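Next come the chains, spelled out residue by residue.
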Amino acid sequence: MLSKTIEAAINAQINAEFWSAYLYLSMAANFEADGKKGIANWFNVQFKEEQAHAQIFMNYLYSRGARVLLKPIEAVDTEWATPLDAFKATLTHEKKVTALINELYALAESEHDYATREMLTWFVNEQVEEEESAQELIDKFTLIGDNGFGIYTLDKELAARVYAEPSPLAGE
Ligand code: FEO
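Okay, so let's go over this structure. (Residues numbered from 1 in each chain as written. Predicted model: local features only at pLDDT ≥ 70, side-chain atom pairs only at ≥ 80, totals over all residues. Heavy atoms only, no water.)

### Quick word on the overall build of the protein
The secondary structure content of the protein amounts to 6 helices and 0 strands. Of the regular secondary structure in the protein, the N- to C-terminal order runs α-α-α-α-α-α. Compactness check: the protein gives a C-alpha radius of gyration of 17 Å against a globular reference of 16 Å for 172 residues, within 12% of the reference. The C-alpha extent of the protein, read off along each of the three principal axes, is 55 × 25 × 25 Å. Within the protein, the proportion of its 172 residues that are buried is 42%. A separation of at least 24 residues holds for 82% of the contacts in the protein among residues at least 6 apart in sequence. When the accessible surface of the protein is summed, it comes to about 9,100 Å², and 56% of that surface belongs to carbon and sulfur atoms. The centroid of the 14 positive side-chain charges in the protein is displaced by 3 Å from the centroid of its 28 negative side-chain charges. (Helix = DSSP H or I, 4+ residues; strand = E, 2+ residues; numbered from the N terminus. Rg over C-alpha atoms; globule rule 2.2 N^0.38 Å. Buried < 20%, exposed > 50% of the residue type's maximum accessible area, 1.4 Å probe, protein only. Contact = heavy atoms within 4.5 Å. Areas by Shrake-Rupley, 256 points an atom, 1.4 Å probe, with all protein chains shown as cover. Lys, Arg positive; Asp, Glu negative; His and termini not counted. Charge placed at Lys NZ, Arg CZ, Asp CG, Glu CD.)

This is the structure in structure tokens:
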């Protein structure tokens, strides 16, 4: 049985994950409009991953007999002038998500809720990857600057990203 505090905190995290999904979908729309389909693809995959993160938390609440409560999703930005701007915004956002996951982890520990803490371990590791991939792309786009051929090449590279179901949903 989950405490009401943990239940409310996980519901807040579900909202944060859907907000993240909405943010990345907005970035995908921005780069579709800008003719950078590879970058749009990268953000579309990111959008799907964030939906999956929300689903993992939802499944956890279901498995504990707790109630999922979906709240309104706040508005997101709609314009990013360059890919570098978008990936910088991505890193800033992922650092905030890392802080939220860490707070949840600390809450679970303080309540001696070890099942919730264990479930959160996957997210702790996932956030390391999220920040690393955003930083890598910031580095690449910084390196190529305004070089059109560089942006074209990187856009093609990002077109290859495919969505893979996260292991907690794939049942691994
Ligand atoms: Fe759900 Fe990008 O962390």
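### A short note on unusual backbone geometry
A positive phi is found at His-112, a non-glycine position, where the angle reads about 55°. Along the chain, the position of His-112 falls in the loop between α3 (83-110) and α4 (114-144). Residue classification places His-112 among the exposed positions, given a relative accessible area of 56%.

### Some details on the packing of aromatic side chains
According to the stated counting rule, one finds 9 aromatic pairs in the structure shown. Measuring from ring centre to ring centre gives 5.2 Å for Trp-42 and Phe-87, while their planes differ by 75°; the resulting arrangement is edge-to-face. Of the two residues, Trp-42 sits in helix α2 (residues 37-63) while Phe-87 sits in helix α3, which places them 45 residues apart along the sequence. Given the relative accessible area of 6%, Trp-42 is considered buried. Grouping aromatic residues by their ring pairs yields a cluster made of Tyr-24, Phe-31, Trp-42, Phe-43, Phe-87 and Phe-141. (Phe/Tyr/Trp six-rings, centres within 6.5 Å; stacked < 30°, edge-to-face > 60°.)

### Some thoughts on the packing of α3 against α4
Direction vectors running N to C along α3 and α4 enclose 165°, while the axes themselves pass 9 Å from each other. As judged from the angle between their axes, α3 and α4 are roughly antiparallel. The crossing of α3 and α4 is left-handed. In terms of residue class, the contact of α3 with α4 is built from 16 nonpolar, 7 polar and 7 charged. (Axes fitted to C-alpha atoms, helices over the stretch in contact; angles between N-to-C directions. Parallel < 35°, antiparallel > 145°, perpendicular 65-115°, else oblique. Left-handed = near helix turned anticlockwise from the far one by under 90°. Nonpolar A, V, L, I, M, F, W, Y, C, P; charged D, E, K, R; others polar.)

### Focus on the layout of surface pockets
Within this model, the largest pocket holds a volume of roughly 210 Å³. Contributions of two or more residues to the lining of the largest pocket are made by α2 and α4. When residues of the lining of the largest pocket are assigned to their parent elements, the largest contribution, 5 residues, is made by α4. Here the lining of the largest pocket is composed, by residue class, of 4 nonpolar, 2 polar and 6 charged. There is about 150 Å³ of room inside the second largest pocket. Looking at the second largest pocket, the residues that line it are Trp-19, Leu-23, Met-27, Asp-77, Trp-80, Ala-89, Thr-92, His-93 and Lys-96. Elements supplying a minimum of two residues to the lining of the second largest pocket: α1 (4-33) and α3. The dominant element in the lining of the second largest pocket, judged by the number of residues it contributes, is α3, at 4 residues. (1 Å grid on protein atoms, 1.4 Å probe; cavity = no way out; pocket = protein on both sides within 12 Å on 5 of 7 lines; lining within 4 Å. Points joined across faces, edges and corners; volume = space filled by probe spheres on them.)

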